[in-house]
Amino acid sequence: MKDWEDAMSDEQWIDAAITRALERQPEVAVPVDFAAKVRAALPAQPKVRERRSVGRIAAGAAAGGLLLALCWLAPHARPSFASVAFDLEMVLVVELAGVAAWLGMRRSDG
């Protein structure tokens, strides 16, 4: 019976020692200049250019084309709805406003 009690006390002692070892908090000491050393060891990051979409480039070209067409039509357009040049100029102004609004919107994908 004594051997059984000794075995139980040894088991309890081992369990207690394991529990104490697991519950002990390690002491962490970080040097003051650790972040500066890590930053100095890193390679320099290249500058990343923002990607421009093909749609934005095409819209910019279309806006330029619309402005040129408006400048070409302006001397020929009389402010009258009977004038085809004035009607075309108004259509181009509306199209230019739409392209400008589309270019002015923020991208929502990041």
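All figures in this text were calculated on a predicted structure; none of them were measured in a lab. Note on numbering: residues in each chain are counted from 1, in written sequence order. Per-residue local features are limited, in this predicted model, to residues with pLDDT of at least 70; the limit for side-chain atom pairs, both in listing and counting, is 80 or more; totals at the level of whole chains, interfaces and linings are taken over all residues. Excluded from the side-chain calculations are hydrogens and water; all other atoms, namely the structure's heavy atoms, are used.

Novice: Please give an account of the overall build of the protein chain that cites residues and values.
Specialist: Within the protein chain one finds 4 helices and 0 strands. Along the chain direction, N to C, the helices and strands of the protein chain fall in the order α-α-α-α. Contacts were defined at the residue level, with two residues in contact if any of their heavy atoms lie within 4.5 Å. In the protein chain, once contacts between residues fewer than 6 apart in sequence are set aside, the share between residues at least 24 apart is 50%. For the protein chain, the computed accessible surface area is about 10100 Å², with 63% contributed by carbon and sulfur atoms. Helix numbers and strand numbers start at the N terminus; a helix is a DSSP run of H or I with at least 4 residues, a strand a run of E with at least 2. Under the convention used here, a 1.4 Å probe and the Shrake-Rupley method define accessible areas, while residue burial counts only the protein chains that appear.

Novice: An account of the nonpolar core is needed here, citing residue identities and associated values.
Specialist: Here, the term nonpolar core denotes a set of buried Ala, Val, Leu, Ile, Met, Phe, Trp, Tyr and Cys residues that are joined through side-chain atoms within 4.5 Å. The buried label goes to any residue with under 20% of its type's maximum accessible area, the exposed label to any with over 50%, and the partly exposed label to all in between, with areas taken from a 1.4 Å probe on protein chains only. Counting residues in hydrophobic clusters, the biggest one holds 11 residues: Ala59, Ala63, Leu66, Leu70, Leu73, Ala77, Ala85, Phe86, Leu92, Leu96 and Val99. Excluding anything up to four places from it in sequence, valine 99 contacts Ala59, Ala63 and Leu66.

Novice: Just give me the short version of the packing of aromatic side chains, but keep the residues and values in it.
Specialist: For Phe, Tyr and Trp, where Trp contributes only its six-membered ring, two rings pair if their centres lie within 6.5 Å, and the inter-plane angle classes them as stacked under 30 degrees, edge-to-face over 60, or tilted in between. Taken as a whole, this structure holds 0 aromatic pairs when the rule is applied. Two thresholds decide whether a charge sits over a ring: the Lys NZ or Arg CZ must be within 6 Å of the ring centre and within 35 degrees of the ring normal. A cation over an aromatic ring shows up here: arginine 56 above the ring of tryptophan 102, its NZ or CZ 5.3 Å from the ring centre.

Novice: Any chance you could break down helix α3 (residues 54–73) for me, citing the residues and the numbers?
Specialist: When the terminal C-alpha atoms of α3 are compared, their 28 Å separation across 20 residues agrees well with the 28 Å that a helix rising 1.5 Å per residue should span. Restricting attention to buried positions, one finds in α3 the residues Ala59, Ala63, Leu66, Leu70 and Leu73. Down the axis of α3, the buried side of the element spans an arc of 95 degrees, and every buried residue falls inside it. Residues Val54, Ala61, Leu68, Cys71 and Trp72 are exposed on α3 and point more than 90 degrees away from its buried face. Packed against the buried residues of α3 are α4 (84–104). What a helix is expected to span follows from its residue count: subtract one and scale by 1.5 Å. The arc in question is formed by the directions pointing from the helix axis toward the C-beta atoms.

Novice: Lay out a nonpolar patch on the surface with the relevant residues and their values.
Specialist: Taken together, the side chains of Val28, Val30, Phe34, Val38 and Leu42 make up a nonpolar region of the molecular surface, amounting to roughly 500 Å² of accessible area. Secondary-structure assignment places valine 28 in the loop between α1 (2–23) and α2 (34–41). Surface patches are defined over residues having more than 30% relative accessible area and no salt bridge, joining like charges when they lie within 9 Å and nonpolar side chains (Val, Leu, Ile, Met, Phe, Trp, Tyr) when within 5 Å. Salt bridge, as used here: a side-chain nitrogen of Lys or Arg that lies within 4 Å of a carboxyl oxygen of Asp or Glu.

Novice: Account for the side chain of glutamate 89, with residues named and values stated.
Specialist: Along the chain, the position of glutamate 89 falls in helix α4. Given the relative accessible area of 15%, glutamate 89 is considered buried. Residues within four places of glutamate 89 in sequence aside, it is in contact with Leu70, Leu73, Ala74 and Ala77.

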